[in-house]
Amino acid sequence: MKKIRMLGLLLLSLASAPAFAQAPMAGPAATHRPPTGEDREAYITRLMRQMTLDEKIGQLRLVSVDAGPDAHKDVLIRDIEAGKVGGIFNTVTRPDIRLLQDAAVRSRLKIPLFFAYDVLHGHRTIFPIGLGLASTWNLDAVALSGRISAIEASGDGLNMTFSPMVDISRDPRWGRNSEGFGEDTYLVSRIGATLVHAYQGADPAAPGNILAAVKHFALYGAIEGGRDYNTVDMSPQRMFQDYLPPYKAAIDAGAAGVMISLNAINGVPATANKWLLQDVLRKQWGFKGVTISDHGAIMEMIKHGVAADGADASRLAITAGADLSMSDTMYGQNLKPLLQAGRIKQADIDRAVRDVLRVKYDLGLFQNAYRHVGVAADDPPDTNAESRLHRQAAREVARESLVLLKNDNQTLPLKKQGTIAVVGALAKSQRDMMGNWSAAGVPGQVVSLYQGLADAVGDKATLLYARGANVVDDPEIVKYLNLYEKDIEDDPRTRQQMIDEAVETAKKADVVVAVVGETQGMAHEASSRSDITLLGGQEDLLKALKATGKPLVVVLMNGRPLALGWEKDNADAMLEAWFAGTEGGHAVADVLFGDVNPSGKLPMTFPRSVGQIPMYYNHLNTGRPFDPQHPDKYTSRYFDAPNGPLFPFGYGLSYTTFDVSDVKLSAASVRMGGTVRASVTVRNSGQRDGATVVQLYLQDPVASISRPVKELKGFQKVVLKAGEQKEVSFTIKQDDLSFYNNDLKRVVEPGRFNVYIGLDSENVKAADFELRAAKGEGKAKGG
Ligand code: NOJ
């Protein structure tokens, strides 16, 4: 942790903006005035007076190069010269970006383009996927990954990332869990805000900074059945309480962009949703930036069944407040005729154009169209040069993302001696270690798990390898996953042949490290699963390895919670590695051999089976809660499965042990508006130095609407030497006790509150205090 803080400070000197600045983006930076010297609104007003309708509509077009016939480079260059493109995404090298910006500079009004990209967990250096970053529970680590992403992306000439992705999800079936930060509102909000600060700094135009476009607004993670692009139907209370706060946190942190989600919300697609894009986003939250429709979303409103044709869809989107149309010819084709027919107003177009131009002004592009991309003479001779990577930071962050799920009889850490059998197709995969949405990462530069282990043991131990099983071997699934990008490369041998070889290999070893899970493409967009167990014979492989009697260490590579009942009961040790990025193999080896003590905690509940979904820790109690001490038939339960999760939210072990004292409160009773300090003493009661995450949960047990059994409201990662103890305190403020009532008003209701502190969401120490009504106000409720 200390190293992460030091690396963060070092980056302060590399970039001109504060790395972890807490102040929101500084708005129109005076230093980026265009040559005319005008301030932002005056400049844009004058510019818009000179623009033709076609040029205005052109500004609303966001194009991915070579994605579709209208986007072939030569066609695109002609369009840019004609002032018919506003921004580009998926162009990621300085020469390519400069070529397109040159075309914009040749256009009549020379309005520069901005360049965006999906920089989600690293740009050239790849950090752990979102779920891995969230597993660190370390905002300094998250910020470090964001700073380096911004430095590398702006170094390639980019101006904006479509990140952070803060969609809350309680459904492991959804493939896009991998991109986000899990199920919890508080944790995801803190991470989202941290990343916005890290990307944008105080001035998004400064070298080393990029703009953040938070996504997917809104509620994309709540799609029914976890099936991608499906619909969302949700009560307003749940929206405002649980699902909307992370977007708001990113916007409060200064996010300049918002990407609109593809799903419908209570019947109205987000892209056509005036309530969402105007009432909530602009009026309630005061968002002043640019909104971006997702890929093809405008046209999709026809299939959603709310638009009769493309013109209708364009009308709905522009009047709802979707500024930029992504990879979509809809605005280009339809806005002009819609205006001429009086179906939309000039003001609808002008408002959107102004939002786009503001972003360009704030990026300093009117002062210097080549601000981030610089001059050709300064281009790196080799875009993928090793020297452009930040390996040390990637390794530090990846180490903290690993979650120890089980460790019987101190199977881990392993000794660097004897013979170790490494089994599993994922063990040697560089591509999978990067995870999906791995921006400009290069698989050849990634340390695979096997390589990491080999580097760690050198000549001290012997490593054996067997593939053991394909990750997926159903030909239909393989075909699906390989549709657009080769994801699966299957070994043609039979399951049994591969298992036999693995068993023979295991028999020669002292310990088996089995690397199983998913390929990166299985936890991606359009990669929803109805079965979340291990596929492709991987479970049979584990059973055969177990039968050898050798200690079995299961290392998981996956982008969603998996149902791992057999593994939990039978493996000697289990380590959740997610997809850990460029330095993943080294980081996993650091933990497996005990050079680093694991400290990650799960940001998402692991269910026992797909049938338990949705399963999340902050559920309501119901009128008939299941009590495992007194199991009863007529309670809320399944009769064929236990109620609880396989691994709870916030869970993760260490090679040492920690004790948590009873909770001390600074007061047993407090008046409305006051604060209470809750403290525990955490002691490292084991033999090794280590770190853990102390988690604060609150509950309002009697309120005007039913409130969750507990909700995360604070966390602190603490580092303790063996035998050391530390007091950890949280200040509970009024806002932590508030919720949206039935009238959608944010209220704090007096009465008793429960305080829980522990090292995961289930194992907690409890205390309670009374919140009294403010002087002269209504009487306290019961409880
Ligand atoms: C579609 C995805 O939903 C979105 O997350 C991404 O940013 C865009 N494509 C651009 O690649």
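See the structure above.
Residue numbers here run from 1 along each chain, matching the order of that chain's written sequence. The predicted nature of this model means local features are confined to residues of pLDDT at least 70 and side-chain atom pairs, given and counted, to a pLDDT of 80 or more, with totals for whole chains, interfaces and linings taken over all residues. With hydrogens and water set aside, each side-chain value is computed from the structure's full complement of heavy atoms.

Asker: Mind showing me how you'd approach helix 2 (residues 40-50) here?
Answerer: Each α-helix turn comprises 3.6 residues. Residues three or four places apart therefore point the same way. If you check which residues of helix 2 are buried, you get Arg40, Tyr43, Ile44, Leu47 and Met48. In an axial view of helix 2, the angular spread of the buried residues amounts to 125°, which keeps them on one side of the axis. Note on definitions: a residue-residue contact is assigned when non-hydrogen atoms from the two residues lie within 4.5 Å. Helix and strand assignments come from DSSP, with helices taken as H or I runs of at least 4 residues and strands as E runs of at least 2, each series counted from the N terminus. Residues of helix 2 that are buried make contact with helix 3 (53-59) and helix 15 (346-362). Partly exposed residues are those whose accessible area sits between 20% and 50% of the maximum for their type, while under 20% is buried and over 50% is exposed, using a 1.4 Å probe and protein chains only. This arc is taken over the directions from the axis of the helix to the C-beta atoms.

Asker: Would you explain the layout of surface pockets in this entry?
Answerer: To locate leftover empty space, one rolls a probe as large as a water molecule over the atoms. Think of a 1 Å grid over the protein atoms and nothing else: a 1.4 Å probe that fits but is trapped marks a cavity, an open set flanked by protein within 12 Å on at least five of seven lines marks a pocket, and residues with an atom within 4 Å of a point count as lining. Grid points are joined across faces, edges and corners, and a volume is the space filled by probe spheres set on the points. Space inside the largest pocket adds up to approximately 1200 Å³. Forming the walls of the largest pocket are 36 residues, and the residues nearest its centre are Trp437, Tyr484, Glu485, His524 and Glu525. If you list the elements that add at least two residues to the lining of the largest pocket, you get strand 5 (211-217), helix 17 (430-434) and helix 19 (475-481). Considered class by class, the residues forming the lining of the largest pocket number 17 nonpolar, 10 polar and 9 charged. Note that the domain bounds reflect an automated or database-derived domain assignment. Taken domain by domain, the lining of the largest pocket gets at least three of its residues from each of domain 1 (43-363) and domain 2 (391-612). Only Asp, Glu, Lys and Arg are considered charged, only Ala, Val, Leu, Ile, Met, Phe, Trp, Tyr, Cys and Pro nonpolar, and every remaining residue, Gly among them, polar.

Asker: Explain the side chain of threonine 125 to me, please; I cannot follow it from the model alone.
Answerer: Position of threonine 125 relative to the elements: it lies in the loop between strand 3 (114-117) and helix 6 (130-135). A residue is classified by how much of its surface remains accessible, and threonine 125, at 0% relative accessible area, is buried. In protein, a polar contact requires one atom able to donate a hydrogen and another able to accept it; more generally it is a pair of N or O atoms within 3.5 Å, and residues adjacent in sequence count only if both atoms are side-chain atoms. A polar contact of 2.5 Å, which involves the side chain of threonine 125, links it to the side chain of glutamate 152. At a separation of 2.8 Å, a polar atom in the side chain of threonine 125 contacts the main-chain amide nitrogen of histidine 390.

Asker: What am I meant to see in the nonpolar core here?
Answerer: Generally speaking, a soluble globular protein has its nonpolar side chains buried in company with each other. Residues belong to one nonpolar core when they are buried, are Ala, Val, Leu, Ile, Met, Phe, Trp, Tyr or Cys, and are joined through side-chain atoms within 4.5 Å. Ile88, Met160, Phe162 and Phe217 are the most contacted members of the largest nonpolar core, which totals 139 residues. Those residues in contact with methionine 160 that sit more than four places away from it in its chain are Phe114, Phe115, Ala116, Tyr117, Ile210, Leu211, Ala213, Val290, Ile292 and Val359. Formed by 86 residues, the second largest nonpolar core is a distinct cluster that contains Leu131, Val478, Ala502 and Leu552.

Asker: Please explain the environment of asparagine 368 as it appears in this structure.
Answerer: Among the structural elements, asparagine 368 can be located in the loop between helix 15 and helix 16 (391-401). Asparagine 368 gets classed as partly exposed once you look at its relative accessible area, which sits at 32%.

Asker: What am I meant to see in the packing of aromatic side chains here?
Answerer: Both the distance between ring centres and the angle between the ring planes are used here to describe each pair of aromatic rings. Each Phe, Tyr or Trp ring, with Trp reduced to its six-membered ring, pairs with another whose centre is within 6.5 Å; inter-plane angles below 30 degrees give stacked pairs, above 60 give edge-to-face pairs, and intermediate values give tilted ones. Tallied over the full model, the rule gives 18 aromatic pairs. Arranged with centres 5.7 Å apart and planes meeting at 70°, the rings of phenylalanine 89 and phenylalanine 162 form a pair that is edge-to-face. Placement of phenylalanine 89 in strand 2 (residues 87-89) and of phenylalanine 162 in the loop between strand 4 (160-161) and helix 8 (185-200) is noted, with a sequence separation of 73 residues between them. A relative accessible area of 1% means that phenylalanine 162 is categorised as buried. Note on tryptophan 174 and tyrosine 220: the rings are 4.9 Å apart at their centroids and 70° apart in plane angle, and the pair reads as edge-to-face. You can see tryptophan 174 sitting in the loop between strand 4 and helix 8 and its partner tyrosine 220 sitting in the loop between strand 5 and helix 9 (236-243), a full 46 residues away along the chain. Grouping residues by exposure puts tryptophan 174 and tyrosine 220 together as buried. Three or more aromatic residues joined by ring pairs form one cluster here, namely Trp137, Tyr186, Tyr617, Phe649, Tyr697 and Phe715. Geometrically, a lysine NZ or arginine CZ counts as sitting over a ring once it is within 6 Å of the ring centre and also within 35 degrees of the ring normal. Directly above the aromatic system of phenylalanine 647 lies the positively charged group of lysine 568, at a separation of 5.2 Å from the ring centroid. Seen from the ring of tyrosine 756, lysine 710 lies directly overhead, with NZ or CZ sitting 5.6 Å from the centre.

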